[in-house]
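The primary structure of each chain is shown beneath.
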Amino acid sequence: MNPGTKTKLGMVGLGRMGSNMVRRLLRAGHVCVVHDVLPQAGIDLEKDGAINTATMLAFVEHLEKPRTIWIMVPAAAVDATLDALVVLLAPDDTIIDGGNSHFHDDIRRAKALKHLGIHYLDVGTSGGVHGFDRGYCQMIGGDPAVVKRVDDVFASLAPGRLEGVGKSDLGTAGQGYIYCGAAGAGHFVKMIHNGIEYGIMAAYAEGLNILHHANDGSTARPVDAETTPMRHPEHYRYPFDLAGIAEAWRHGSVIGSWLLDLTAAALKESPDLKGFAGRVSDSGEGRFALAAAIDEGVPAPILAVSLAQRFASRGEENFANQFLSALRFQFGGHVEKSGTP
């Protein structure tokens, strides 16, 4: 590659993140060839200057050797995507998995592809739907020589130097991307990143829920054997403005963060959050992180509780709750109350 030229990149997987990553690369001067199982996703990117391809064969043929291909697909679809790609590739081509694969799978894939002369990098990518404007934090695993070869791709996707933040002496980390180590290292670091994210989100959620109920003393409570009385209802008569509080916390508070910025935005849009049922999904990284903690013998109680909270939000504790209610009836004749708690 000549000095000053940009790596030509192929992107497979044009979902919320993949499509915006392509747009950011195009804006930085890269040529991007794209492919997705949903044709409209590629058609939309053609308007921004991407080269859309209808088949995997056409996709590969539009890339010059040695090819650089980034796949941005769900973890469960990575192996099938690799199977479709590998038979079309040549030695010295590079595949980058920017999704949320388990690091064990990265180790396996890198070893298998090495036998074919194909390079594999695992890149934990954080930035969500705002990454086009903010940039993407990237945690990179694989052969350092290959990482260096496509450094311009990572640099174009990264946020770059942040205003108001002193110059870092930690290399590319000061720009928002970092080489973490051998195969699997990138997704290992991203796995822990997401576990921390679970814990921070849960802390905000629990604190805001206490504030949300701080006016319960103004509401009449049932008087019966099955309802715990509020000892001092006069202490809980604060109809707090949660959106205002979250906004105030954003300015100078020690718990300030981008997640708090998003919290304030969500509450401003819908103070009662009526558009959300409260079913919280997990895409696997919290589980992986907790499993690693167990393997290492490292305590991670906050991560464990925040993950369990997500399971509970999806009704996975319903049978356990039914059992508790049944047992109370068995030992005390307690009849289950109807309605929501």
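Everything below is about the structure shown above.
First, a word on what this report is: a plain description of the structure on this page. (Residues numbered from 1 in each chain as written. Predicted model: local features only at pLDDT ≥ 70, side-chain atom pairs only at ≥ 80, totals over all residues. Heavy atoms only, no water.)

1. Considerations on the packing of aromatic side chains
To keep it simple, the criterion reads: Stacked, edge-to-face and tilted labels apply to pairs of Phe, Tyr and Trp rings (six-membered ring for Trp) whose centres lie within 6.5 Å, assigned for plane angles under 30 degrees, over 60, and everything in between, in that order. The way it works is that DSSP assigns letters per residue, a run of H or I at least four long becomes a helix, a run of E at least two long becomes a strand, and they are numbered from the N terminus. As a reminder, the over-ring test applies to NZ of lysine and CZ of arginine, requiring each to be within 6 Å of the ring centre and within 35 degrees of the ring normal.
Scanning the model with the defined rule gives four aromatic pairs in all. Ring plane angle 70 degrees and centroid distance 4.8 Å describe the contact between F103 and F188, whose orientation is recorded as edge-to-face. Of this pair, F103 sits in helix 5 (residues 103-114) while F188 is found in helix 9 (residues 185-212), placing the two residues 85 residues apart along the sequence. Taken together through their ring pairs, the aromatic side chains of W70, F154 and Y177 make up a single cluster. Residue placement shows R134 over the ring face of W258; its charged tip is 3.9 Å from the ring centre. The ring of Y198 carries R310 above its face, with NZ or CZ at 3.6 Å from the centroid.

2. Quick look at the sheet that holds strand 4 (residues 68-71)
This is how the line gets drawn: Strands are labelled as partners when DSSP assigns at least two bridges between them. It only takes one pair of heavy atoms within 4.5 Å for two residues to be counted as in contact. Axes here mean lines fitted to C-alpha atoms, for a helix over just the part in contact, with angles spanning 0 to 180 degrees between N-to-C directions.
Taken together, eight strands build an open sheet; the order of strands is 3-2-1-4-5-6-7-8 and the sheet is mixed. Two strands lie at the open edges of the sheet, namely strand 3 (51-52) and strand 8 (177-181), each paired on one side alone. On top of the sheet, helix 5 reaches strand 5 (94-97) and strand 6 (119-126); it is set at about 150 degrees to strand 6, its chief contact.

3. A word on the environment of V33
This is how the line gets drawn: Each residue gets one of three labels from its accessible area relative to the maximum for its type: buried under 20%, exposed over 50%, partly exposed in between, using a 1.4 Å probe on protein chains only.
As for its placement among the helices and strands, V33 is situated in strand 2 (residues 32-35). V33 sits in the buried class, given a relative accessible area of 0%.

4. Thoughts on the packing of helix 4 (residues 78-86) against helix 5
What counts here: Comment on the angle field: the value is read as roughly parallel under 35 degrees, roughly antiparallel over 145, roughly perpendicular from 65 to 115, and oblique elsewhere. Three classes are used: nonpolar for Ala, Val, Leu, Ile, Met, Phe, Trp, Tyr, Cys and Pro, charged for Asp, Glu, Lys and Arg, and polar for all others, with Gly counted as polar.
At a minimum axis distance of 12 Å, the contact between helix 4 and helix 5 shows a crossing angle of 10 degrees. Classified by the interaxial angle, the pair formed by helix 4 and helix 5 is roughly parallel. Residues V78, D79, L82 and V86 of helix 4 touch helix 5, and the partners they reach there are R108, R109 and L113. Here the contact of helix 4 with helix 5 is built from residues that sort into four nonpolar, no polar and three charged.

5. Comments concerning helix 11 (residues 258-269)
Rule in force here: Helices are assigned an expected span. That span is 1.5 Å times one less than the residue count. Summarising the geometry, the arc corresponds to the directions from the helix axis toward the C-beta atoms. Counted as a polar contact is a pair of N or O atoms within 3.5 Å, where, for protein atoms, one must be capable of donating a hydrogen and the other of accepting one, and residues adjacent in sequence contribute only when both atoms are in side chains.
A rise of 1.5 Å per residue sets the reference length of helix 11, with its twelve residues, at 16 Å; its end C-alpha atoms lie 17 Å apart and thus fit the reference within 8%. All buried positions along helix 11 are accounted for by L260, T263, A264 and L267. Buried residues in helix 11, looked at end-on, bunch into an arc of 95 degrees, giving them a common side. Buried residues along helix 11 sit in contact with helix 9 and helix 10 (242-249). For helix 11, the N-terminal cap is S257; the gap from its side-chain oxygen to the backbone nitrogen of L259 is 3.3 Å.

6. With respect to the pairing of strand 4
Heads up, the rule is: Viewed with both strands pointing away, a crossover whose connecting path from the first strand over the helix to the second turns clockwise is right-handed.
The alternating pattern of strand 4 places T68 and W70 on one face and I69 and I71 on the opposite face, and all of these are buried. For strand 1 (residues 9-12) and strand 4, the ladder comprises three bridges, and the chain directions are parallel. By the bridge assignment, V12 is partnered in strand 4 with I71. Where strand 4 and strand 5 come together, four bridges link them in parallel fashion. Among the inter-strand pairings, T68 is bridged to a residue of strand 5, identified as T94. For the crossover from strand 4 across helix 4 to strand 5, the handedness is right-handed.

7. Focus: the nonpolar core
We count it as follows: Nonpolar cores are built from buried Ala, Val, Leu, Ile, Met, Phe, Trp, Tyr and Cys residues. Side-chain atoms within 4.5 Å join them into one set.
Residues M11, V22, W70, L121 and F154 are the most contacted members of the largest nonpolar core, which totals 27 residues. Broken down by secondary-structure element, the contributors of at least two residues to this core are strand 1, helix 1 (16-27), strand 2, helix 2 (39-46), strand 6, helix 7 (144-149) and helix 8 (151-157). Broken down by element, this core gets its largest block of residues, four residues, from helix 1. Core analysis: the second largest hydrophobic core is formed by 19 residues, V12, V33, V60 and A110 among them.

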